[in-house]
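# Structural overview
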Amino acid sequence: MKKELRKAIIAGNWKMNKTPVKTKTLIAELIPLVKEVASQNSGSACEVVICVPFTSLATAVEAVYGSSIKVGAQNVHFEASGAFTGEISAPMLKEIGVEYVIIGHSERRQYFGETDETVNKRTKAALTAGLIPIVCVGELLWEREADITEEVVSRQIKLAFAGISSSDAAKVVIAYEPVWAIGTGKTATAEQAQDACKLIRDRLTALYGKSVADSITVQYGGSMNAVNAAELVAKEDVDGGLIGGASLKAEDFTEIIKAASDGQ
Ligand code: PGA
């Protein structure tokens, strides 16, 4: 088992949900629940991150203060500053206390022109500013049906990490999210998730060697919920999850955190 070599991370992707007021309410519900999970696991739960909308970041950073919960953004621009109307840079996120940032989510690839090249640029910008990137990869349904999942995911990984040193690569978190499983209620089977996460680790081994690859957290994402989480995170190469819908309900999200903490 290689699980002890890396940390399991449960990250909530709130997407375009929750105003600052509602953010505060959900975090107030979560804090005692996460604390309880930690107390049942000799004082520590898995790493817990909530990725909230830009307008809720400052509120969330303040609300999690004193707890073990970390705050992440859902996107970041690749330049540090300049004439990019409407964009937010990595140093801006860092300065307000944000620690993680989701990069290359399939919704951004699908609706906002995200490409493997911009994923690579954003990942570098996040690392330069000291943010932890959660880089999303995953195949579309027709790509899985055409039996090219391996090619698609390998290409996404190779391009996301182009020009990134092994010491920086070791700081990156990867989320394997088959696009057909996101928000659809269709979860990958635990075997499918394991196969893809293992494939990602093999690609990372080819790029950076075994010890770096073994230390990188590879999450599964796509309709993970309170019921199916335990089976998914128990798999050897699945190090937690990136959770959309179920992260908006404190009890459901806590059940997933519990599954990942028990599985450590
Ligand atoms: P879902 O979303 O859990 O609602 O399927 C996952 C994600 O988009 O990260």
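What you see is a predicted model; the values in this text were computed from it and never measured. (Residues numbered from 1 in each chain as written. Predicted model: local features only at pLDDT ≥ 70, side-chain atom pairs only at ≥ 80, totals over all residues. Heavy atoms only, no water.)

## Here we look at the pairing of strand E3 (residues 70-73)
Note the following rule: By the convention used here, strands pair only if DSSP detects at least 2 bridges between them. The helix count covers DSSP runs of H or I at least four residues long, the strand count covers runs of E at least two residues long, and both are numbered beginning at the N terminus. For a crossover, the right-handed case is the one in which the path from the first strand over the helix to the second runs clockwise, viewed with the strands pointing away from the viewer.
By the bridge criterion, three bridges tie strand E2 (residues 47-51) to E3 in an arrangement that is parallel. Looking across to E3, one finds that Val49 is bridged to Lys70. As judged from the two bridges shared by E3 and strand E4 (residues 100-103), these two strands associate in the parallel manner. Opposite Ala73, over in E4, you have Val101 as the bridge partner. Note that the unit made of E3, helix H3 (residues 90-95) and E4 has a crossover that is right-handed.

## Focus on the sheet that holds E4
For clarity, the cut-off: Helix axes are fitted only over the stretch in contact, all axes being lines through C-alpha atoms; the angle between N-to-C directions runs from 0 to 180 degrees. By definition, residues are in contact when any of their heavy atoms lie within 4.5 Å.
The strand order E1-E2-E3-E4-E5-E6-E7-E8 describes a closed barrel built from eight strands, whose pairing is parallel. Taken pair by pair, the neighbouring strands of this sheet meet at an average axis angle of 25 degrees, ignoring direction. On top of the sheet, helix H9 (residues 190-208) reaches strand E5 (132-137), strand E6 (173-176) and strand E7 (218-221); it is set at about 145 degrees to E6, its chief contact.

## With respect to the packing of aromatic side chains
Aromatic ring pairs: the centre-centre distance and the angle between the two ring planes describe each pair. How we decide: Here a Phe, Tyr or Trp ring, Trp counted by its six-membered ring, pairs with any other such ring whose centre lies within 6.5 Å, and the pair is stacked when the planes are under 30 degrees apart, edge-to-face when over 60, and tilted otherwise. Burial here depends on accessible area, computed with a 1.4 Å probe over protein chains only, as a share of the maximum for the residue type. Under 20% is buried, over 50% is exposed, and the range in between is partly exposed. Lysine and arginine charges are scored as sitting over a ring when NZ or CZ, respectively, is within 6 Å of the ring centre and within 35 degrees of the ring normal.
Going through the model one piece at a time under the given rule, you end up with three aromatic pairs. Between Tyr111 and Phe112, the aromatic rings sit 6.3 Å apart at their centres with planes inclined by 80 degrees, giving edge-to-face as the arrangement. Among the residues examined, Tyr111 registers a relative accessible area of 56% and is labelled exposed. Look at Phe112 and you get exposed, because its relative accessible area is 53%. Ring geometry for Phe161 and Tyr208: centres 5.9 Å apart, planes at 65 degrees, overall edge-to-face. Here Phe161, found in the loop between helix H7 (149-160) and helix H8 (166-169), pairs with Tyr208, found in helix H9; they are 47 residues apart in sequence, far enough to count as distant. We note that Phe161, like Tyr208, is buried. Its end group placed over the ring of Phe78, Lys121 keeps NZ or CZ at 4.4 Å from the ring centre.

## Examining the environment of Leu93
By the secondary structure assignment, Leu93 is in helix H3. Residue classification places Leu93 among the buried residues on the basis of a relative accessible area of 1%. For Leu93, the residues in contact, after removing those within four places along its chain, are Phe54, Leu57, Ala73, Asn75, Val76, Ile88, Val98, Val101 and Leu131.

## Some remarks on the site of the ligand
The following threshold applies: We call a residue near a molecule or strand whenever a single non-hydrogen atom of that residue lies within 4 Å of it. For this analysis, a polar contact is any N or O atom pair within 3.5 Å, provided that within protein one partner can donate a hydrogen and the other can accept it, and provided that sequence-adjacent residues contribute only side-chain to side-chain pairs. Here the accessible surface of atoms and residues is derived via Shrake-Rupley with a 1.4 Å probe, and residues count as covered only by protein chains that are part of the display.
As a structural note, the neighbourhood of the ligand is formed by 13 residues, with Lys15, His105, Glu177, Gly183 and Ser223 the closest of them. Measuring from an oxygen atom of the ligand, one finds a side-chain N or O atom of Lys15 at 2.7 Å. For the ligand, an oxygen atom lies 2.6 Å from a polar atom in the side chain of His105. When the ligand sits alone it has 280 Å² of accessible area, and the protein chains cover 94% of it.

## Here's the deal with the pairing of strand E1 (residues 9-13)
Counting buried positions over the five residues of E1 gives five, a clear majority of the element. Sheet analysis places E1 next to E2, joined by five bridges and oriented parallel. The residue bridging Ile10 from the neighbouring strand is Val48, located in E2. You can see the chain leave E1, run along helix H1 (residues 20-40) and come back into E2, and the turn it takes is right-handed. Pairing between E1 and strand E8 (residues 240-243): four bridges, direction parallel. Paired with Ile9 across the strands is Gly240, a residue of E8.

## Overview of H1
Where we set the bar: The length a helix should cover is 1.5 Å for every residue beyond the first.
Helix length check: H1 (21 residues) gives 30 Å between terminal C-alpha atoms against 30 Å at 1.5 Å per residue, within 8%. Within H1, the full set of buried residues consists of Thr23, Leu26, Ile27, Leu30, Val34, Val37 and Ala38. Just past H1, the residue Ser42 takes up positive phi, approximately 40 degrees.

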